[in-house]
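In case you want the letters, here they are:
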Amino acid sequence: MNSAPPPDQTPPPENTLKQLEEAGALSHFASSVAHEVCNPLSQIVLATDLLAGPRPMNDDLRKKIVGFLRQGADRIDKAMKSMLQTCSPIETSMTAEDANSLIEAALASLTEAPSVRIEKHFTPDLPAILVDKKHIIETIAGLCANAIDAMLPAGGTLTLTTSSKIFTSSEREGWQRQSWFRAGDHAVVIEIADTGHGIPENKMGLIYEAFFTTKAAGQGAGLGLTIAKKVVDLHHGRLEISNQPEGGVLAVLTLKSSAQP
Ligand SMILES: Nc1ncnc2c1ncn2[C@@H]1O[C@H](COP(=O)(O)OP(=O)(O)OP(=O)(O)O)[C@@H](O)[C@H]1O
Ligand SMILES: [Mg+2]
């Protein structure tokens, strides 16, 4: 008999706060807030002072300053939304979607990285997945952004693979500890593989923690995977992230398909 706790009772990693402190995550949070909120805020104050000041300005300059204002406000908006999403319940609206199309939408939302080659191995005619479209697109985009960040500036290959599967009872054993899946369940599997620097094994236990990031302040708030995990759990799906033996990271997102028996 398996004595592992069911998914909602999985014990949290021990000494998470201490580990986060040691990894510099808490002080990084302070500097992330400074960069994500205080910096654009000073940008807004400066732009407002310029607009309100006595200096005569032509339309071009005025447009530039207004653009500057908008950029700062958007940056704060994004940071606050991420922080709120982390702390508050996520609202969902489920529709039947095609996983391949969601990946395309996620890729379209990313900033282009010319040194990264994108390979797609899509299985056509996948069964539909019942998901919150917006949140799953954001989740896939976040995983792809992490993969791309890990390959920059040198570049590499981002490989996206989709397939469908039906869980068998033997597969269920291996997944039982955290899985919502039962034998006979239909699912769609989305794999996101990169050829980047990978995740140090001693940091692997921290990647889902809020504000854990190895990126420079202003480059990453360390909230992407925290929110992704929350979204995937809400879908009763599964997200597994591991280093590949040949280097780079493989993220596997498994979501129930609507083609239930
Ligand atoms: N594909 C990957 N390759 C290497 N490291 C990764 C990968 N995915 C995640 N990580 C590590 O996990 C950390 C946490 O990722 P997460 O997406 O939560 O935050 P972030 O990308 O740093 O910031 P944010 O997503 O909030 O902009 C990253 O900073 C990085 O160290
Ligand atoms: Mg991220």
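**Observations regarding the nonpolar core**
- Residues Ile140, Cys144, Leu158, Ile190, Ile192 and Ile241 are the most contacted members of the largest nonpolar core, which totals 45 residues.
- Contributing elements (two or more residues each) for this core: α4 (99–108), β3 (129–132), α5 (133–151), β4 (156–166), β5 (186–193), α7 (224–234), β6 (238–243) and β7 (249–256).
- Top contributing element to this core by residue count: α5, with nine residues.

**Some words on helix α3 (residues 59–87)**
- For α3, with 29 residues, the first-to-last C-alpha span of 42 Å sits near the 42 Å given by 1.5 Å per residue.
- Among all positions of α3, only Ile65, Gly72, Ile76, Ala79, Met83 and Thr86 are buried.
- One side-chain oxygen at the N-terminal end of α3 lies 3.2 Å from the backbone nitrogen of aspartate 60; it belongs to asparagine 58.

**As for the site of ligand 1**
- If you check the shell around ligand 1, you find 19 residues, and the closest are Asn146, Thr213, Thr214, Lys215 and Leu225.
- The side chain of asparagine 146 places a nitrogen or oxygen atom 2.8 Å from an oxygen atom of ligand 1.
- Between ligand 1 and the protein, one listed contact pairs an oxygen atom with a side-chain N or O atom of lysine 215 at 2.7 Å.
- Protein chains shield 88% of the accessible area of ligand 1, which is 600 Å² for the free molecule.

Parameters and conventions
Residues numbered from 1 in each chain as written. Chains lettered and ligands numbered in written order. Predicted model: local features only at pLDDT ≥ 70, side-chain atom pairs only at ≥ 80, totals over all residues. Heavy atoms only, no water. Core = buried A, V, L, I, M, F, W, Y, C linked by side-chain atoms within 4.5 Å. Buried < 20%, exposed > 50% of the residue type's maximum accessible area, 1.4 Å probe, protein only. Helix = DSSP H or I, 4+ residues; strand = E, 2+ residues; numbered from the N terminus. Expected span 1.5 Å × (residues − 1). Polar contact = N/O pair within 3.5 Å; in protein donor to acceptor, adjacent residues only side chain to side chain. Near = heavy atom within 4 Å. Areas by Shrake-Rupley, 256 points an atom, 1.4 Å probe, with all protein chains shown as cover.

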